[in-house]
Amino acid sequence: YEEFKAIRIPANPQKQQAAVQNKIAAITKLNNQLTEIVKFDSPEEIVAALSIAGQANLLMGESLLNAPLPAGFTAEETKQYKAGIEKIAEPFMSKGKDSLRAAVSRGQELDAYSSYYHKARELILKTDAKAYYNGGEISSDSKQMSWIDL
């Protein structure tokens, strides 16, 4: 994940394509590794892997959308360029949001409320404030024993 984050898209148009290709290769590798982690069947690792996958894919989409524009474009060319970049970034943004929602859903299902769960929930609430209830409560890391079974 850190290797992926370290790849920056430069302002130089000749170097942008190579940087984007490197970033895509790194996120593909990361997604494959995280998919393997989900197979471990450990609640904390599942939530962490889904959360990291969501964060990485959102970062990839944002990196593409915020990449410096090549110089010399007319207003119409700039508009077309941005529309093309948005089409390229959309699958990453969509996968990121889906992974974050999956992290929150699996965290609730598996009672795995780690920092990765909270980060995923926080990022989802930034994009969709009504996705989950947020009354400002503070969660507890302890579990209550069920007295019913006694």
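Here the structure is shown first, and the text comes after it.
In this report, we go over the structure that sits alongside the text. (Residues numbered from 1 in each chain as written. Predicted model: local features only at pLDDT ≥ 70, side-chain atom pairs only at ≥ 80, totals over all residues. Heavy atoms only, no water.)

**Thoughts on helix H5 (residues 115-127)**
For an α-helix, the turn length of 3.6 residues means that residues three or four places apart are oriented alike.
In step 1: With 13 residues, H5 should cover 18 Å at 1.5 Å per step; its first-to-last C-alpha distance of 19 Å lies within 8% of that length.
In step 2: Buried within H5 we find Tyr117, Ala120, Arg121, Leu123, Ile124 and Leu125.
In step 3: Of the surrounding secondary structure, the elements contacted by the buried residues of H5 are helix H3 (43-65) and helix H4 (75-110). (Helix = DSSP H or I, 4+ residues; strand = E, 2+ residues; numbered from the N terminus. Expected span 1.5 Å × (residues − 1). Buried < 20%, exposed > 50% of the residue type's maximum accessible area, 1.4 Å probe, protein only. Contact = heavy atoms within 4.5 Å.)

**Observations concerning the nonpolar core**
In step 1: Among the nonpolar cores identified, the biggest contains 18 residues, and Phe4, Ile27, Leu34, Met60 and Leu64 are the most heavily contacted of them.
In step 2: When contributions to this core are tallied by element, the ones reaching two or more residues are helix H2 (13-38), H3 and H4.
In step 3: Not counting residues within four places of it along the chain, the set of residues in contact with methionine 60 comprises Phe4, Val20, Lys23, Ile24, Ile27 and Phe92.
In step 4: Ile46, Leu50, Val104 and Tyr117 belong to the second-largest nonpolar core, a separate cluster that totals 13 residues. (Core = buried A, V, L, I, M, F, W, Y, C linked by side-chain atoms within 4.5 Å.)

**Describing the packing of H2 against H3**
In step 1: Two elements in contact, H2 and H3, have axes whose closest approach is 9 Å; the angle formed by their N-to-C orientations is 165°. The orientation of H2 with respect to H3, classified from their angle, is roughly antiparallel. Classified by chirality, the crossing of H3 by H2 is left-handed. On the side of H2, the interface is formed by Val20, Lys23, Ile24, Ile27, Leu30, Asn31, Leu34, Ile37 and Val38, while H3 contributes Glu45, Ile46, Ala49, Leu50, Ile52, Ala53, Ala56, Asn57, Met60, Ser63 and Leu64.
In step 2: Here the residues of the contact of H2 with H3 sort into 15 nonpolar, 3 polar and 2 charged. (Axes fitted to C-alpha atoms, helices over the stretch in contact; angles between N-to-C directions. Parallel < 35°, antiparallel > 145°, perpendicular 65-115°, else oblique. Left-handed = near helix turned anticlockwise from the far one by under 90°. Nonpolar A, V, L, I, M, F, W, Y, C, P; charged D, E, K, R; others polar.)

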